[in-house]
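Chain by chain, the residues run as shown.
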Amino acid sequence: MLKIHQNAHTLWGFIICQWMVIYFYMEPVSYATIGLTILLQGWAVAATLNKCPKPGKNFLTVLTIVCALIVIASNISKPIDSFFNLLIIGAVLKLLTPLDETDLKSIFLIHLFLVSGGYVFHQSIGMALLILLAFILTVYLHLSLYTIKSSAKPRMKIAFRVIFYSMPATMLLFVMMPRLPPLWSMFNPGVAKVGVSDNMSPGDISNIVKDDKRVFRVEFNGAVPDQSQLYWRTLILEDFDGRRWSMIPRGSVGKGVEHFSEAPKDGLSYRVIAEPTQQSWAYALDAPLLQKGEGLFVTRHRTLMYKKTLAERKSYEVISYQDPNVRNKFIQDEFYERNLKLPKDYSDVKQFTLDIIGQEKDEKEIINKVLSYITKEGYVYTIQPPLMQDSVRGVLFTYKKGFCAHYASAIAVMMRSIGIPARIVTGYQGGKWNPTGKYLDVSQTQAHAWVEIWSEKYGWLHIDPTGAIAPSRVESSLETALEASGELNEYLGYSPEIYKFTQNKFFTTVSNWMSSVDFYWTAWVLTYDDKKRDSFLDALSDLKNWLSFIKYFIGPLIIFGVLWYAYRRFQKNKHLSVEEKILRYIIHLQKLLDTPREQGVTLAAYIDRLQYVFPEFSDRLKHLERYCTLVLYGTVEIQEKLSALKQVSKQIKALEKDVKQLDS
């Protein structure tokens, strides 16, 4: 039986590891679990410092039952959360027990499972590295329990070596093995909802944009459109109750046309990597044609929707045809009527609209006149609009202030009031281009709302009143628009000078680089599935691909192996004393001149013999003898010995050149 050594050092290591696990599981961890963890860990520390006794076996059994009941009660409606919370408390309770070898194995396996399970809730590259660090710490603590007091460095080296040696097998299994559905999609963990909702009141978008969480990233196959053309359609809101706009029931949306009778030209091809949102909608530019996307379909509204909620990062490929000639040019009667309904009398809004457009009947001209009016009449774009009981009349008549959703709602009601079908589109406008990774980063800051109206002549027409009132919002960014209106300080929560400082070249470069690493981690690792595995295996059947495989996979492995061997040799030589290094040089000298040193012959006698045999090298050999004697037998400071050692190395290298010249 191996002896197990428990001490304060190891205890603190386990406590740090357990709090890292709690950080990984922040979503499902209850306050009860956090409170119990603090109390139990405090008890374990006090017992280790001999401030109080550890609990007896019977008391520990009762304590375990009580803790389990508290944890279950605090997560009564979430069985999966209860499971993770119980595991955490079980690991903490183990700190109060004297460990034998069986207990040690169980606590080690529990910690490994908990650390690995953190990936269920976080899949970014940063969190992956943090989980790897926790994994190394767990292995290190396991080794600490088997070793008597000694330096932490050897145990940490072993822990790193264990992880390093497991990497090739891990990578091979990742690339070659079939995939099960991800654990986090099986039980749908509590990932916070982000993004636009299936209903909207005018103030909702102004709240969403204050959160800069990433929503999706886009990689274009070709030229990137101008910022003003990037309208990422997400949801169509058609039901209006006087205050809120809502999406029609999902069953009414249905599948739309996923192909065109004649293939349009000049489509825009791109790939989207969407973040988990716990919602079922996806993002695309107008008139999307889905290329690749598991569980995804195109709706009648020309939007994308998942059959299930988006509980993990997903990748899909789309071609969008933004030419109005290829958009839907039909509208069913039920949708036509739905897009004309108003919940109450808006006769004053109707008269207001008619006064603006006059006798105009062409829908495009109507749009131009309405946008021209709100531009000239001093309507203001603001992220902090006043509270309004009736947002439509408040924006149009009373305050003339609002955010994108306020103006979109007002314009939609204006159109419906004069008999033109209209609806709200919510989604995202623009995005931040990452020049390092060559992709577009879209966050909640880009959340936006605009309007689509129906025309028998033109089909669906796009109206964005924000583009007329605050063109810098559409052409550049929200921050640019708010800086122009003097609201940037309130939006950021800190001074514009700090914001400008964070936008300098250094911060921007570092941010882009880190974001790019996470992007490629997502693109190459997180979205790797059975289809990509099958494509990879099929590609290997081709000789040309085998050559590429050797070039890009086997080749780097060989290079890595050579570098690793050189590093190990360097490390081995690094720990030799100066005397040992001198003896290695003498051995090298014997091989170089092909003259062995006989047993019992002193160094001075051996070099004298070499001078006799090789008179042409006599001067170098004399210098060599002097420096070697100084290192081996001299009573001088170490720095002087190191200096002499460098001279020995220099003389050996010079002698090598002389021998080569003599041979040639």
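Above this text you will find the structure in question.
Residues numbered from 1 in each chain as written. Predicted model: local features only at pLDDT ≥ 70, side-chain atom pairs only at ≥ 80, totals over all residues. Heavy atoms only, no water.

Caption draft 1: Just the pattern of salt bridges, in detail. This structure, assessed with the given rule, holds 20 salt bridges. D441 is the salt-bridge partner of R214, the closest N and O atoms lying 3.0 Å from each other. Pair noted here: R214 is in strand β2 (residues 214-220) and D441 is in strand β15 (residues 439-443), with a separation of 227 residues, a long-range link. Residue classification places R214 among the partly exposed positions, given a relative accessible area of 25%. Salt-bridge contacts for D390 lead to K344; the nearest nitrogen and oxygen are separated by 3.8 Å. Placement of the pair is D390 in the loop between β11 (380-381) and α14 (391-398) and K344 in the loop between α11 (333-338) and α12 (347-357), with a sequence separation of 46 residues. (Salt bridge = Lys/Arg side-chain N within 4 Å of Asp/Glu carboxyl O. Helix = DSSP H or I, 4+ residues; strand = E, 2+ residues; numbered from the N terminus. Buried < 20%, exposed > 50% of the residue type's maximum accessible area, 1.4 Å probe, protein only.)

Caption draft 2: Region of the structure containing the side chain of R313. Take R313: it is sitting in the loop between β9 (304-306) and β10 (314-320). In this structure the side chain of R313 is engaged in a polar contact, spanning 3.3 Å, whose partner is the side chain of D518. With sequence-adjacent residues up to four places away left out, R313 is seen in contact with Q123, S124, R217, A274, E275, P276, D518, W521, T522 and L526. (Polar contact = N/O pair within 3.5 Å; in protein donor to acceptor, adjacent residues only side chain to side chain. Contact = heavy atoms within 4.5 Å.)

Caption draft 3: Representation of unusual backbone geometry in the model. The residue Q278 is not glycine, and still its phi comes out positive at about 65 degrees. Assignment of secondary structure puts Q278 in the loop between β6 (268-274) and β7 (288-292). Although it is not a glycine, K438 adopts a positive phi angle of roughly 60 degrees. Note on K438: relative accessible area 51%, which makes it exposed.

Caption draft 4: Layout of the packing of aromatic side chains. Within this structure, the stated rule accounts for 23 aromatic pairs. Ring geometry for F83 and F113: centres 6.2 Å apart, planes at 80 degrees, overall edge-to-face. Highlighted residues: F83 in helix α4 (residues 79-93) and F113 in helix α5 (residues 101-117), separated in sequence by 30 residues. The partly exposed category is assigned to F83, whose relative accessible area is 41%. What makes F113 partly exposed here is its relative accessible area of 41%. (Phe/Tyr/Trp six-rings, centres within 6.5 Å; stacked < 30°, edge-to-face > 60°.)

Caption draft 5: Structural view of the nonpolar core. With 85 residues, the main nonpolar core has I205, F216, W232, Y270 and Y316 as its most contacted residues. Here the element with the most residues in this core is helix α15 (residues 404-417); it accounts for 10 residues. Counting residues in hydrophobic clusters, the runner-up holds 48 residues, among them V21, L112, V115 and I131. (Core = buried A, V, L, I, M, F, W, Y, C linked by side-chain atoms within 4.5 Å.)

Caption draft 6: Broad picture of a nonpolar patch on the surface. On the surface, a nonpolar cluster with roughly 730 Å² of combined accessible area is contributed by F501, F506, F507, V510, W513, M514 and V517. The biggest single contributor to the nonpolar patch is helix α21 (residues 505-526), with six residues. Tracing the chain through its elements places M514 in helix α21. (Patch = residues over 30% accessible without salt bridge, like charges linked within 9 Å, V, L, I, M, F, W, Y side chains within 5 Å. Areas by Shrake-Rupley, 256 points an atom, 1.4 Å probe, with all protein chains shown as cover.)

Just distances and angles here, no functional claims.
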